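Given next are the chains, with one letter for each unit.
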Protein chains: 2
Amino acid sequence: MRDFTADHRWLSVNTATVRQQHGQDWPLLQILDACAARGIRAVSPWRDQVQAAGLAETARTLRAHGMALSGYCRGGLFTSEGAQDDNLRALDEACTLGAPCLVLVVGGLPGALAGQPQHKNIGAARRQVTDGIHRLLEAARERGLPLAIEPLHPMYAADRACINTLSQALDVCDALDPGRSGALGVAVDLYHVWWDPLLQVQITRAGKDRLLAFHVCDWLVPTTDLLNDRGMMGDGVIDIQQARGWVEAQGFAGYSEVEIFSKANWWQRDGGEVLDTCIQRHRACV
Amino acid sequence: MRDFTADHRWLSVNTATVRQQHGQDWPLLQILDACAARGIRAVSPWRDQVQAAGLAETARTLRAHGMALSGYCRGGLFTSEGAQDDNLRALDEACTLGAPCLVLVVGGLPGALAGQPQHKNIGAARRQVTDGIHRLLEAARERGLPLAIEPLHPMYAADRACINTLSQALDVCDALDPGRSGALGVAVDLYHVWWDPLLQVQITRAGKDRLLAFHVCDWLVPTTDLLNDRGMMGDGVIDIQQARGWVEAQGFAGYSEVEIFSKANWWQRDGGEVLDTCIQRHRACV
C-alpha cells in the first residue's frame, strides 16, 4: 500500500468539493489555479463548471499547470430524455480534457429527480440503464475513453442512480464487456459503498482493469441531509485506509479523489482552507 | 395473492405511525381504542409507548378489543451496553402481550447513535451483533418467542443497524439456526429493502418459516429527512403490491404492518385521519 503521509502526489480534488464557497460559485479556472499553487496534481471537474469556464480555456489551463484528470463528472442519466446525445457530448469533452474515464451516474426512475416519477418499476429502469450503457460503450470504445459506472448509495436509488452496489455495477460490466477490455469499469466512491458487507469481495472481483476511479470523503454521524452533508476524511466513520488497501491490493495505483458535497460546512469556508484541509486529511486519513 | 381491496382484516398499525400528533404524544391506550373502533384487528406497539401506558393495562386493553399483535418493537441494539438484559425484558414484555415475534433493530457502531462512534470497524460491529443474537436466541427459544431480524436501510448502517440487506440477515439466520426451527427469521420492511436488486431472490430464500413480519410504507421523492420522512403507501415509488406478491408466494399469510415516521406530514394530522388513510391505502395500494 502506498504511503500517503509524506506528500500528496496521489491526491485529486473533485471540483464539486469547492464549487460554491460562502454561497458564491468559485470559478473553475480559479479552482485549478488554487490547486496548482498547492501542488495538487489532479482534479476531476464537473461538466457545468467546465461549461461556465469554457472547454478550450479549461483544457488550456490544465495543460499550463501540467495537471491531470482523475475522471470527468459526469455522464449517465440513461432514464432521461436525450441521454445518448448528451452522453456523446460528455465523452467528447472528456477526450478534449484528457480524462482517463467518464464517470456514469446512471439515473433512477424516469422523472423521479424532478419529483414526478413516471412509474415504480425499478427493474425496468435498471434494464433501461444497462441498454443505455451498452449503446454508449460503442462510442466510448471508438474514442478510447473508458466508462466508469459509479454505484450510488441506495438512498439515491429512486431519483439518481438505480445501480446501488458494486456487485450490480460489476454484473453490468460482465454482461457488456465480458472480455474485460478496459473500456468499462467502476468508480468506487466510498461514501456510496462503505456500508456494503460485500465491499472487499467485490473490489477483488473488479480487479485492476475494472477499478477506474477511487473517491473518498466520509460518512458523518449524524448525517443531516441526504445529498449535501458529506464529511471530510477523518470526520466520520468510514475506514478509508482499509478500503484503499483493498483497491491497491488489486493493483490500483491511481489518484485518490476527494469529493465532498457539504452545504452547511465546507461550502461555507474559504476555498483555500478547504483545499489545505483536503491535503492534510489525505496525508493523515486516506 | 390475497385480495385486500374489500376489507382491512390483514392491516396492522405500527403504533409509531400515530405516536405524536400535532406535537403531542397520543397515548397508546387511546390509539388502541381508535384502531378497534375502525375494525383494525392488529397493531405493533413500541416499548416506550407500552411503558407509558403500563404493560398490564396494555395487555388488558388488547384482550378487551380482541386485538392481535403483528410484532413488538423492538429489541436489538447489540452493540450498546446492557443490551442483553434489556432484550430479555423486551422478550418478556412481548410474551405478556402475545406478540408473534420480537423485532430486532440490531444496532450500529458502538456510540454512533449518540454521535460518538467508538471505532470505525463495521465488520467488528457485525460480529458483535451476530454474537448478541446468538445469546438472545436461547432465551427466545425458551419462551417460544421468535426473533425477527429487521435489515435497515444502508443509510442507517453507522448508527442504527449494521445489518442492511435481507441477504445479510438471512446469512445470520443460516449461521445461528441452520435447522430453520422457526425461532429466528426476518422482518421485511419495504422502506429498507425496496431498492435491493436481490429482493425477490432473498424473499424466496427466506421462505415461509423465516418471513416473520411484513412492514409497508413508501419512499418519497424527494425524501427530505433520513429518519422521519417516510411516505404513506401510494405516495412514493415502492411497488408494494409486487413485493407483497413475492412474500405471499412463499406462503406468508400474516398482517401487512404500516409503519410511518413522518414528522412534517402524518404526525401533524389528526390521529383518526391518519388511521382512516392507512385503511384506505391498505385497500388501494398494498
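Residues numbered from 1 in each chain as written. Chains lettered and ligands numbered in written order. Predicted model: local features only at pLDDT ≥ 70, side-chain atom pairs only at ≥ 80, totals over all residues. Heavy atoms only, no water.

Enquirer: Would you mind going over the pattern of salt bridges with me for this structure?
Expert: When the charged atoms of two side chains with opposite charge come close together, those side chains can pair. Residue and element names in this part refer to chain B. For the structure shown, the criterion picks out 38 salt bridges over all chains. Two residues, Asp276 and Arg38, come together in a salt bridge whose shortest N-O distance is 2.6 Å. On the criterion of sequence distance, the pair formed by Asp276 in helix H10 (residues 271-285) and Arg38 in the loop between helix H1 (28-37) and strand S4 (42-44) is long-range, its members being 238 residues apart. Under the relative-accessibility criterion, Asp276 is labelled partly exposed at 39%. Among the ionic pairs, Arg205 bridges to Asp171, the shortest N-O distance being 2.7 Å. With Arg205 in helix H8 (residues 199-206) and Asp171 in helix H6 (residues 166-176), the pair connects residues that are 34 residues apart, well separated along the chain. Residue class for Arg205 comes out partly exposed when judged on its relative accessible area of 27%. Owing to a relative accessible area of 44%, Asp171 belongs among the partly exposed residues under this scheme. (Salt bridge = Lys/Arg side-chain N within 4 Å of Asp/Glu carboxyl O. Helix = DSSP H or I, 4+ residues; strand = E, 2+ residues; numbered from the N terminus. Buried < 20%, exposed > 50% of the residue type's maximum accessible area, 1.4 Å probe, protein only.)

Enquirer: Help me understand H10(B), please; the structure alone is not making it clear to me.
Expert: Because the α-helix completes a turn every 3.6 residues, residues three or four places apart line up on one side. All names here are of chain B. With 15 residues, H10 should cover 21 Å at 1.5 Å per step; its first-to-last C-alpha distance of 20 Å lies within 8% of that length. Within H10, burial applies to Gly271, Gly272, Val274, Leu275, Thr277, Cys278, Ile279, Arg281 and His282. Those residues of H10 that are buried are in contact with strand S1 (11-14), strand S2 (20-21), H1 and strand S11 (256-258). (Expected span 1.5 Å × (residues − 1). Contact = heavy atoms within 4.5 Å.)

Enquirer: Please explain the packing of aromatic side chains as it appears in this structure.
Expert: The geometry of two aromatic rings is summed up by the distance between their centres and the angle between their planes. Scanning the entire structure with this criterion turns up 13 aromatic pairs over all chains. Judged by centre distance (6.0 Å) and plane angle (75 degrees), the rings of B:Trp46 and B:Phe261 are edge-to-face. Placement of the pair is B:Trp46 in the loop between S4 and helix H2 (47-53) and B:Phe261 in the loop between S11 and H10, with a sequence separation of 215 residues. Taken together, the ring pairs connect A:Trp46, A:Phe261 and A:Trp267 into an aromatic cluster. The aromatic ring of A:Trp266 is capped on one face by A:Arg269, whose charged end is 4.1 Å from the ring centroid. A cation over an aromatic ring shows up here: B:Arg41 above the ring of B:Trp10, its NZ or CZ 5.2 Å from the ring centre. (Phe/Tyr/Trp six-rings, centres within 6.5 Å; stacked < 30°, edge-to-face > 60°. Lys NZ or Arg CZ within 6 Å of the ring centre and 35° of its normal.)

Enquirer: What am I meant to see in the interface of chain B and chain A here?
Expert: Across the contact, 32 residues belong to chain B and 32 residues belong to chain A. Each partner contributes to the roughly 2400 Å² buried at the junction of chain B and chain A, and carbon and sulfur atoms together form 72% of this total. Along the contact surface separating chain B from chain A lie zero salt bridges. The tally of links from chain B across to chain A stands at four residue pairs in polar contact (both at pLDDT 80 or more). A breakdown of the residues in the side of chain B that touches chain A according to their chemical character gives 16 nonpolar, nine polar and seven charged. (Buried area = accessible area lost by both parts, 1.4 Å probe. Polar contact = N/O pair within 3.5 Å; in protein donor to acceptor, adjacent residues only side chain to side chain. Nonpolar A, V, L, I, M, F, W, Y, C, P; charged D, E, K, R; others polar.)

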